[in-house]
Structure formats: structure tokens, C-alpha cells
Amino acid sequence: MTNRERRHNRAKANTKKMLIGGAVLAFLLVVFVIITLNIHITVTPVGGTEPLELVYGKDIYVEEGAVASGNGDRLEVETSGSVDVTKLGTYKITYTARYLWVSKSVTREVKVVDKTAPVITLKTDPNYFPVPGETYQEEGYTATDDYDGDLTTQVQMWLEGDVIHYTVSDSSGNVTTVARDILRKDMNAPVITLKGEASITIDAGTSYDEPGFTAVDDRDGDITNQVEITGAVNIYRAGTYVLTYTATDRFGNVATASRIVNVKAIQQPPVNHPDGKVIYLTFDDGPSSLTMELVEILNKYNAKATFFVTNSGYNMKAIFNAIVDGGHGLGIHTKTHIYNEIYASEEAFFNDLYGMQKIIKDCTGVTTTLMRFPGGSSNTISRFNPGIMTRLTQAVQDQGFQYFDWHLDSQDSDPSKFTGTDEEKTAKVAANVIEGISGRQQVVILQHDIFDYSVDAVEQILIWGIQNGYSFQALTPNSPVCHHTVRN
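First, a word on scope: everything that follows refers to the structure included in this document. (Residues numbered from 1 in each chain as written. Predicted model: local features only at pLDDT ≥ 70, side-chain atom pairs only at ≥ 80, totals over all residues. Heavy atoms only, no water.)

## As for the packing of aromatic side chains
To describe a pair of aromatic rings, you give the distance between the ring centres and the angle between the ring planes. A full pass over the atoms with the stated rule returns 16 aromatic pairs. Centre to centre, the rings of Phe-349 and Phe-350 are 5.2 Å apart; their planes meet at 85°, and the pair counts as edge-to-face. Taking relative accessible area as the criterion, Phe-349 reaches 2% and is therefore assigned buried. For the pair Phe-451 and Tyr-453, a centre-to-centre distance of 5.5 Å together with 15° between the ring planes defines the contact as stacked. For Tyr-453, a relative accessible area of 10% puts it in the buried group. Here the aromatic residues Tyr-236, Tyr-339, Tyr-343, Phe-349, Phe-350, Tyr-354, Phe-373, Phe-401 and Tyr-403 are joined through ring pairs into a cluster of three or more. Across the ring face of Tyr-470, the terminal group of Lys-277 is positioned such that the distance to the ring centre comes to 4.5 Å. (Phe/Tyr/Trp six-rings, centres within 6.5 Å; stacked < 30°, edge-to-face > 60°. Buried < 20%, exposed > 50% of the residue type's maximum accessible area, 1.4 Å probe, protein only. Lys NZ or Arg CZ within 6 Å of the ring centre and 35° of its normal.)

## Here we look at the packing of helix α7 (residues 422–437) against helix α8 (residues 452–467)
Interhelical geometry of α7 versus α8 gives an angle of 45° and a closest axis separation of 8 Å. Comparing their axes, α8 and α7 come out oblique. Along this stretch, α7 crosses α8, giving a crossing that reads as right-handed. Judged by residue contacts, Asp-422, Lys-425, Thr-426, Val-429, Ala-430, Val-433, Ile-434 and Ile-437 of α7 engage Tyr-453, Ser-454, Asp-456, Ala-457, Gln-460, Ile-461 and Trp-464 from α8. Tallied by class, residues from the contact of α7 with α8 come to nine nonpolar, three polar and three charged. (Axes fitted to C-alpha atoms, helices over the stretch in contact; angles between N-to-C directions. Helix = DSSP H or I, 4+ residues; strand = E, 2+ residues; numbered from the N terminus. Parallel < 35°, antiparallel > 145°, perpendicular 65-115°, else oblique. Left-handed = near helix turned anticlockwise from the far one by under 90°. Contact = heavy atoms within 4.5 Å. Nonpolar A, V, L, I, M, F, W, Y, C, P; charged D, E, K, R; others polar.)

## Digging into the environment of Arg-440
Its place among the elements puts Arg-440 in the loop between α7 and β27 (442–448). Residues Arg-440 and Val-278, spaced 162 residues apart in sequence, show a C-alpha to C-alpha distance of 8.6 Å. Beyond its immediate stretch of four places on either side in the chain, Arg-440 contacts Lys-277, His-407 and Tyr-470. Separated by 3.3 Å, the side chain of Arg-440 and the backbone oxygen of Gly-436 make a polar contact. (Polar contact = N/O pair within 3.5 Å; in protein donor to acceptor, adjacent residues only side chain to side chain.)

## Brief notes about the sheet that holds strand β7 (residues 102–113)
The strand order β2-β7-β6-β5 describes an open sheet built from four strands, whose pairing is mixed. Each edge of the open sheet is held by one strand with a lone partner, namely β2 (52–55) and β5 (78–80). On average, adjacent strands in this sheet sit at an angle of 25° to one another, irrespective of strand direction. Of the pairings in the sheet, the one linking β5 to strand β6 (residues 89–99) comprises three bridges and is antiparallel in character. Note on β6: the bridge partner recorded for Thr-79 is Tyr-95. (Pairing = 2+ DSSP bridges.)

Quick look at the structure:
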């Protein structure tokens, strides 16, 4: 074989090898493509792929990652990128997963934005108030933003009448606008308007109800709740009382108004002086289990007496009505008979007095104005409240009550003076009364229908009085008054 033939054969063999090698490569490439086309990778960011917006200064970024799978197998995910919530901007977080030689990436977009508007702070001088017509001198202001910092120099201003507007924008376009009302010196005082009459008259003992008022200032508006009232109305005492209403605006302008309240004394009925000799038997502190017996004794002799009653709770309705039906006097003594409560104040006293008056009316239908002070008007036990008896003795009369003390005390309430048998005690009370009358024309006698020996003495007193030309009468608002010297 010649060299030429040998070369030809070698070339032919090489060509055959190349054809075979190309076919193998082509086959492998086809296999690679087929496998690649059948690889399916999914990458899903936790929370989805929508852009995430974080507000500067409020929100934080928490990386939640992503989940991935390749042809059904769970894959590891690589995360790249970061978010700086202290700087505004758009950040991208990339999540990548690989299966064999195939990889897939998904990007999440995170925006850090500023949605907080700047803050404009107006400075004020509490002592600066331009007078009307004077040019306003700016008191100062600052503007700060939580991201941009000090924006004071970027504030823009404009004037509308007596209102200055201030506005500023931050780098994110957030806008703040505030207004300052120019407070000019106010030369006008507020106006107080009284509701109701400027002069009011009420009866002593009735309540005073304030009709009301308003106060309006041309700068401050409604300042009714700032009105101060000086003066007071003593509803228990007749007199003329002045209430002064004062309103002051923020500029120190003062307005006042006055209302006069006349507390009118209830006219006392005229006094009828009885003819002849009269004994006024009076009994305090009942009713008791003895009172009905006493009424029967009085009725037996057609004698009248007066009962100054308390809220004893003992058969009051029946006894009070028996007293009234018998033509006897029914007066108020006290509801509680507790001195340190009754005389604590005028208000406390009249609560007690009117309280007992109501009890009597509820029982009998009668509104009595007869009364006797606990301890009498001359008592000294009330001195813990200096001067209260001086005030009360006038106040009760102003309110239409008539109080009665006594000329003669039977002394039945002093146990130390009554010893011995019941008959001896009874005789002692009767003797005290009879000896004490001593030829008086009219005499008011104090007894207590809570002591049996005092009640038993009444019949002896009645017999002696009738034999000696006395009549026994009940006290009425027209009876001659019997008042002690007030000692407090």
C-alpha cells in the first residue's frame, strides 16, 4: 500500500470518528435540554411579592424570608440585600433557590417612606399684646421634622387680617400649616347679663334660687364659668342682701353686676291681751305614755294647755290629734333634742325645726308656728356656737314663728329635787307651781309630760287655779309673748 493510500485510509477513519463523536455530543445536548426543560423551581417570598412600605420612625423591618421547591422537593433559599429603616429609599431583597444546575431568583421591593409632617411650634410672649392698629412684631417659631431635622429657615408665612399663616414642607412632601391669631390689647371689659330680676324679694325661710347669669367678652368669648359671686343671702333673717358678680378677662378688664335680694320678714299677728287672770300650762318633751291621760284630765276641767312636742315616736298621730281636737295648743319643741347638733348652725337648727313642723302637719294637717327652743332662748348650752341664740331668736320671728319661754319653772325635770314617795313628788310639783304663781295675772308655766309625778300634779293645779279665779288657756300666735333674756 502506497503512502497515498495509507493517508487516505487514515483520513477516512478520522472522519468516521468525528461523525460518531458529533452524534454523541448531539445526543447528550438533547438529553441536557430535555432535563433542563423539565426542572420546575418556585420561589415565594413570605407575605407575597407586592412592594412593602415601611413608615420611617414607626415601622421596623423583619426579614421573613421565602420558601422554595424544585420538582416537589423543598429547597434552601439564599437571601441577599438589606433594608435600612433609618434611611428613606427603595430596597430590594433577592431570594435565590437552586435545583441541580438550574437556579431561580425572586425580588421583594421594600420602600422606607416618611409620612410624618413637620411640626411648627409658635413662640408666644405672655406679656406682648399689640394695641389695635399697631404692626405686629413676630414672636418667633421653630419647625422640625423627624427625618429632615430643623426646617425653621424653610417656613413660609403670609398675613390675612389679624391671622398669620405658617407653612413648611419636608423632603417627602409632607406639609404642615398653622395659624396664629394676633391677640391685640383688649380695651373692653366683659359684659355680665343677669337672668331674672335685678331685685328679688322672698319671704324669710324660703329658699333663694339663683336665676343665673352670663358673661361674654369680645376677645375671650363665653366666660360665664369664670364669674365670681361675692355676698350671700341669709334666708333665715330679714334684710337686704347684695350679691356682686365679677368677671375678669385675660387682659385684666373687670366687669361687675349686682343683684339685690330682699328677705322679707313674715308679719307677726297682733297680740291679744286676755282679760282677767290666765294660767298657760305648757308641757315639753312629749308625747309619752302619760300624755293621753293628761289630755283627759285637762278636758275634764275644760282647761286648755299647750304641748311643745318632739319626735318621740310614741303614738304621735293619735296623741297629736287628741291635743288638737281638745282645743289645746300644739307647738314645735325639737325633732332630735340633741343640743350639739341642733345648735351647730342656723341651717342645722332650721332643719330640725322644719322637720318637726312637717311631722306635726303629716299627723294632723295643721301647720303650727308655735315653738319653744330646746333649753329655752336663755340656754347657755349653745355657747359652743357663740351668738347663735341671738341670731335664732330674731330669725324664727322673721320666718313667722313665735317662740315662748316660761315665767315659772315647775322644776319637775330636776330629779335631785324630787325624792320620797310618788305622792310626795306630786305634791312638790303642785306646790312649786302654786307658790310660784304668787298672784300673777298671766303666767306661762313649764312642765314635762314625761314624768308621772308632774302629770299627777296637774289636777291639783287646775283645782287651785279655778278656785282662785284663773282660767287655763292655750297659747296661740296672738298670745302675749314670754321671752327670756338671751344669754348667747
